[in-house]
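# Structure at a glance
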Amino acid sequence: MADTATPNVIRRADYAPPAFLIDTVALEFDLIPERTVVRNTMRVRRNPDASHASNFELMGEQLEFVSATIDGAPFAQAHAHEHGLTLDNVPDSFELTLTSICNPAENTTLSGLYVSGGNFFTQCEAEGFRRITYFLDRPDVMATFTVTLRASKADYPVLLSNGNLLEEGDLPDGRHFARWEDPFRKPSYLFALVAGKLVALEERVKSGSGKEKLLQVWVEPHDLDKTRHAMDSLINSIRWDESRFGLELDLDRFMIVAVSDFNMGAMENKGLNIFNTKYVLANPETATDTDFANIEAVVGHEYFHNWTGNRVTCRDWFQLSLKEGLTVFRDQEFSADMAGGATDEAARATKRIEDVRVLRQMQFAEDAGPMAHPVRPESYVEINNFYTMTVYEKGSEVVRMYQTLFGRDGFRKGMDLYFKRHDGQAVTCDDFRHALADANGRDLAQFERWYSQAGTPRVSVRTQYDAAQQRYSVTLTQGYGDTAPAARETQKGPLLIPFAIGLIGKDGHDLALQLEGETRASEATTRVLEFTQTEQTFTFVNVAQEPLPSLLRNFSAPVIVEYDYSADQLAFLLAHDSDPFNRWEAGQRLATRELLTLAGRAATGVPLQLDDSVVAAFARVLTDETLSPAFRELALMLPSEAYLAEQMAESNPAAVHAARQFVRKRLANALRADWLAVYEKHRTPGAYEATPEASGHRALKNLALSYLAELDDPAEAVRLASAQYDAANNMTDRSAALSALLNASAANGGSVEAHQALDDFYRRFEKEPLVIDKWFALQATQRGSAQRPVIEIVRKLMAHPAFNLKNPNRARSLIFSFCAANPAQFHAEDGSGYAFWAEQVIALDAINPQVAARLARSLELWRRFTPTLRDGMRAALEKVASQVKSRDVREIVEKALA
Ligand code: TRP
Ligand code: ZN
């Protein structure tokens, strides 16, 4: 490896309060794409709670320093340098005015102030504000902001910033201005401005206390027809936060702005949320049911940050999960409530299943590799690399466990106390835990380990039935197994694991639960065991028959459960468990076990076969009309190739693909008539409806179509898919049909029908970038064949006039889709995928380090693959390590190679 100097590591243990505080900020912008002048006037004073410093150190990046004045007089002892500005010997309290220049037109990093589609946007989280002006750019410095924007009125008719509009008017030379004031103190990462040619969908609503609020969704003029769903989602979010948490919108005005160049999903800037267009724009013709659901979730997420993130923010970036884990939990609960209300457990479970699937596929993988870190990390090189599955998704599971332990009411009490104590403050994960503990009269010291230990806990279960005594004992053992070195260092002791369990009788019904020492059985047939020791036995009494245990119901903790179920027992649970999550889970366990056995055979060239009993178990779900279509779709979808490969002793993507395809084909051929019947039965004729029921029908019908496309003779599927493509009045059905056509013909290099549909799709949606993203992604994730490897298609598409590496959505749609969502093709034995990956990481590194670093992560599990693949990946990683410049990518590849 190159002998580069170790990059600076930032450690949580080194936290120190800032030497100075900034109480007010007045910003003035003269917006010109190549040369924007920023004047920043701050009231500064020494922090009484920090040690004395004679110099005032401000952060700044990519800025041209112009001038500094203190209390109105030019200040000579200001030194601009690579990382900011140093002011020597400043007074104890003063007004500081700094003027600097930045270049938004050339800013391809999409951090700080940048131009997209001719309009100005900002992205300040985590450390982008320092690319706009010199500042104490850290979340524990909170100030009130006043912002004056000046720009050409013709080019930038709309001028937006946080808070309330104070004043606007014309200026000489065709320019105009707007002045905004945000009444709430906030850290710099929540600052935002937008300027350009935009239009808004507007709505006025009354909040819980009767105050009128102006809601706006700002987009480019041609996108106004795709804003209704985002507005409805916003209104639903406002209502939900009032009713579930008693939290009201605190501003008179709340704005969402869509931008097509954006590094992440969306950003919760105070009163001025900025969104990736992907999470705003939708109508039935352009957006799938999944897009509609994602928009609802992300609009909710950003809105909920107004309280969990903005009113109460993070002391430092190690506390990121304080706002992200909590806000993901809130958006998950919002979506579940929207789908099933508070009580329809089956409908809520579909959301839970989707969330757990993401957690297990992505977060468990992260926790098993070189980037493994606790929910509250101990150190980082580049904070942007820590907006991770662990901080967000495992963080959300940690918050969910409080609710599982204390119930909804106890959780609400904890939240109320958290806001009572900390409104307006920048706090830590410990502060949150203490509020939850105190409100519920509990000591949660042991629970702290969920924040400080990395790796996925494993819980092994042993059970014993004593028929004579009618006792059933459940022994739980916890540990981490053989985890990644990065995780092992953090593991200190057992966790408090809320372990939900039910016992099922021979007739498939839940048994009454009475633990040893209790006087009678409880009404509830699910019990949350508080599992706190390394090994612990829980004994149920008055158990008249030997039960089948239903373990970790509703996935009550982010752990792996090991229990030796027989295939028959899993089929029984799949048919009878009263916990809908565990019904799904039983099917997944059954499928995973079969698929891993088959993958092992495929790896050694042994012929594949699948037991009829497995086919029968799936047939029962497929034809069980008592189950919702949405649930059946989830239960019949096999575990992903990535998840399966990760479960192997040595990941072998080709063998996993062969095994999974074998099973899909077997299920397709064996259940052909059932798939056809389901396909016909779940059509949704008539006008498109975005309801959970209608989207459940579409999901099941389109799953049936995808299985039919696996038939040995796919003619029928091709006919159905072509007809569906032509008749579709919505993107869900159209893209599913296109995907089925591509896969039905994969083996012979693509059919006429597939090619025609692809061309039609492009022409039809040429002016809709988000749909063209789907066009690229569908091709990058298609099956391919030996005669026509997908890498060749991808390389050709890189030269397509619509491809653009600078636009993150487009780069993700082609490059990330291939490198991260098509494992069998990406991990080609010849290393062609890895060479492509290295080229693209290096190219992106020069444009947008945040996006490059995300792509870089797709090789981090390289050590877990078969030897040939491992060598190819190592070579590609070393090549990247020798050439990249950014701190972002360097941290990823160096950790991977270490
Ligand atoms: N805080 C944002 C969210 O989760 C995340 C985010 C948006 C972000 N844009 C970013 C993080 C850019 C880092 C860099 O809601
Ligand atoms: Zn967030």
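Note: the structure precedes this text.
What counts and what doesn't
Residues numbered from 1 in each chain as written. Chains lettered and ligands numbered in written order. Predicted model: local features only at pLDDT ≥ 70, side-chain atom pairs only at ≥ 80, totals over all residues. Heavy atoms only, no water. Helix = DSSP H or I, 4+ residues; strand = E, 2+ residues; numbered from the N terminus. Rg over C-alpha atoms; globule rule 2.2 N^0.38 Å. Contact = heavy atoms within 4.5 Å. Areas by Shrake-Rupley, 256 points an atom, 1.4 Å probe, with all protein chains shown as cover. Lys, Arg positive; Asp, Glu negative; His and termini not counted. Charge placed at Lys NZ, Arg CZ, Asp CG, Glu CD. Polar contact = N/O pair within 3.5 Å; in protein donor to acceptor, adjacent residues only side chain to side chain. 1 Å grid on protein atoms, 1.4 Å probe; cavity = no way out; pocket = protein on both sides within 12 Å on 5 of 7 lines; lining within 4 Å. Points joined across faces, edges and corners; volume = space filled by probe spheres on them. Nonpolar A, V, L, I, M, F, W, Y, C, P; charged D, E, K, R; others polar.

### Details of the overall build of the protein
Per the secondary structure count, the protein includes 27 helices and 31 strands. A compact globule built from 898 residues would reach a C-alpha radius of gyration of about 29 Å, and the protein, at 28 Å, matches this within 12%. If you line up the protein on its principal axes, its C-alpha atoms span 90 × 70 × 60 Å. The contacts in the protein between residues at least 6 apart in sequence include a share of 70% that link residues at least 24 apart. For the protein, the computed accessible surface area is about 34100 Å², with 50% contributed by carbon and sulfur atoms. Within the protein, the 122 negative side-chain charges are centred at a point lying 1 Å from the centre of the 96 positive side-chain charges.

### Looking at the side chain of Lys394
Structurally, the position occupied by Lys394 is in helix H5 (residues 389-422). A distance of 3.1 Å separates a polar side-chain atom of Lys394 from the backbone oxygen of Gly455. When sequence neighbours within four positions are dropped, the list of residues in contact with Lys394 reads Leu359, Gln363, Asp367, Val375, Met389, Trp450, Gln453 and Gly455.

### What to know about empty space enclosed by the protein
Scanning the entire structure with this criterion turns up four cavities of 30 Å³ or more. Roughly 70 Å³ of internal volume is contained in the largest cavity. Forming the boundary of the largest cavity are Ser321, Leu322, Gly325, Leu326, Gly395, Val398, Val399, Cys429, Phe432 and Tyr451. Looking at the lining of the largest cavity, the elements with two or more residues in it are helix H3 (320-340), H5 and helix H6 (429-439). Here the lining of the largest cavity gets four residues from one element, more than from any other, and that element is H3. Split into classes, the residues belonging to the lining of the largest cavity amount to seven nonpolar, three polar and no charged.

By themselves, these figures tell us nothing about what the structure is for.
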